[in-house]
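# Breakdown of the fold
In case you want the letters, here they are:
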Amino acid sequence: MHARTDLLDRAPSASTSAATVTVAMRPATLAAAIAAGIAREVYPERGEDPAFRSLLQSCVRENVEAILDLWAGRTTLEDVSPDHALGFARATAEARIPLSALERTYWLGAGRLWDAWVEEVTVAAPGPEDLQALVGEPGRLLFAYVDRVLGVVVPCYEATRASMVRRVDDLRRAVLDELLADDGPADPRWDTTLGYRLGAEHLAVLVEPEGRVPRETLAARIAEAAGATATTVRDEEDGAWVLWLGRPDGFADEPMGRLRAHLATIAGSVAVGEPGGGVDGFRRSRVQALLARRVRRVVVEATGDTCTCWYADVRLEALLLRDEGQARNFVAEELGPLAGEDPHDVRVRRSLLAWLSCGSQAAAAAALGVHENTVRQHVRRAESVLPAVLAHRRTELLVALRLDAVLQSTE
């Protein structure tokens, strides 16, 4: 707004009222110069986008004309209808241009228009008695106009962005549903829509969070711990969500160690599948995480597990629970008289599970937090009612006890 000869007519009116000063200003030329300056300073990356530049120029021109009408007294603030600015607001939102850039557009444009106004007023050489009418009131109107327009433009921008996010989320959800429901090869469009390379190696982490940490923050921390180069998320039932971690070079011991350490700090329940490559690995790891969630409440005091349940640790239970009816029959047959709901039998089963898991009565007692004699008595009880099982079917008994713990916990 320094090359005034390009913007203003040098022949001001003899009167120094705001209305006569505006007559000397050329709105189209002034708006074109302001729009060009905004394009250079705020949107340099859009210089080769003629549609965007045209929309910017149109928006600036209509704002300049509206402000000049205000200064001339042809309209009032109550008459201002900023509908003309909504199209540009939507365009910036759809182009993922930050809101701060849109706001800067208005304040930068207002500043350049004010510079032009002050130059024209100076040329008009008003007397001291006219300065309030030519500087004070126009300045107030200019700020009030920008405030009024931004009050409409900003919500429009935010609503457009929210709508875009919903559309993207809906599309991603639809693609994930299609991907998980299908057992065929990958569709090349899936990578683009998800922003995630399905050709990498994947690890699914199912999280049922507690507390108020936002999902985005939790997911980012998990991904950082695993050194994942890409992630994608899908909501599951009951407030749970699955986070896929992608690594093109796979999940070696080091990143898995960091991930284990981090997951142990998360408030809530976590279940983890196993790494798998390609689309099949993507699907399989989620299924494993869901199965691990089902058995995560296994009574494992003997092993000292935390709330993080790894599919690799409960693979046997997950396999057998695919047919829950057969699993219950197996438990009943192996545990025999100890399979009832009597509280004493329940305690006996817990002691047996700890004893068989730890390998000694002393270790089992320490894990359960009871006296060693208690474990010894429970083992004797089992030996009295299940002598053949303890002698010849210890493996089957351990499996039955682990399954029983899972089934009891899910009930």
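Everything below is about the structure shown above.
Remember, predicted model here, so these are calculated numbers, not experimental data.

## With respect to unusual backbone geometry
Backbone geometry places R96, a non-glycine residue, at a positive phi of 60°. Tracing the backbone through its elements, the reader meets R96 in the loop between α4 (83–94) and α5 (99–124). Relative accessible area serves as the criterion here: at 55%, R96 is assigned to the exposed category.

## Some remarks on the packing of helix α14 (residues 361–368) against helix α15 (residues 372–385)
In a packed pair of helices, the relevant descriptors are the angle between the two axes and the axis-to-axis distance. Relative to each other, α14 and α15 sit at 115°, their axes nearing to 8 Å. As α14 packs across α15, the resulting crossing turns out to be right-handed. Contact with α14, carried on its side by Q361, A362, A364, A365 and L368, involves E372, V375, R376 and V379 of α15 and no other residues of that element.

## Considerations on the nonpolar core
Ranked by size, the top nonpolar core spans 53 residues in total, and within it L179, W244, F282, L352 and L397 carry the most contacts. With 8 residues, the single largest contributor to this core is helix α17 (residues 394–410). In contact with L352, not counting residues within four places along its chain, are L338, V379, A382 and L401. Core analysis: the next-biggest nonpolar cluster, separate from the first, contains 50 residues, L30, L68, V80 and L86 among them.

## Thoughts on the environment of V295
Topologically, V295 is positioned in the loop between α10 (278–294) and β6 (308–310). Among the residues examined, V295 registers a relative accessible area of 1% and is labelled buried. Considered as a pair, V295 and G369 are 74 residues apart in the sequence and their alpha carbons are 23 Å apart. When neighbours within four sequence positions are excluded, V295 is seen to be in contact with C309, V314, E317, A318, L321 and V406.

## With respect to the packing of aromatic side chains
A full pass over the atoms with the stated rule returns 8 aromatic pairs. Taking 6.1 Å as the distance between ring centres and 65° as the angle between the ring planes, the aromatic pair formed by W71 and W114 counts as edge-to-face. Here the residue W71 occupies a position in helix α3 (residues 50–72), and W114 occupies one in helix α5, the gap between them amounting to 43 residues. Consider the rings of W244 and F282, whose centres lie 4.2 Å apart with planes at 10°: the pair is stacked. You can see W244 sitting in strand β3 (residues 241–247) and its partner F282 sitting in helix α10, a full 38 residues away along the chain. Among the aromatic residues, those joined into a cluster by ring pairs are Y43, F52 and F88. A cation over an aromatic ring shows up here: R46 above the ring of F52, its NZ or CZ 5.7 Å from the ring centre.

Rules and cut-offs
Residues numbered from 1 in each chain as written. Predicted model: local features only at pLDDT ≥ 70, side-chain atom pairs only at ≥ 80, totals over all residues. Heavy atoms only, no water. Helix = DSSP H or I, 4+ residues; strand = E, 2+ residues; numbered from the N terminus. Buried < 20%, exposed > 50% of the residue type's maximum accessible area, 1.4 Å probe, protein only. Axes fitted to C-alpha atoms, helices over the stretch in contact; angles between N-to-C directions. Left-handed = near helix turned anticlockwise from the far one by under 90°. Contact = heavy atoms within 4.5 Å. Core = buried A, V, L, I, M, F, W, Y, C linked by side-chain atoms within 4.5 Å. Phe/Tyr/Trp six-rings, centres within 6.5 Å; stacked < 30°, edge-to-face > 60°. Lys NZ or Arg CZ within 6 Å of the ring centre and 35° of its normal.

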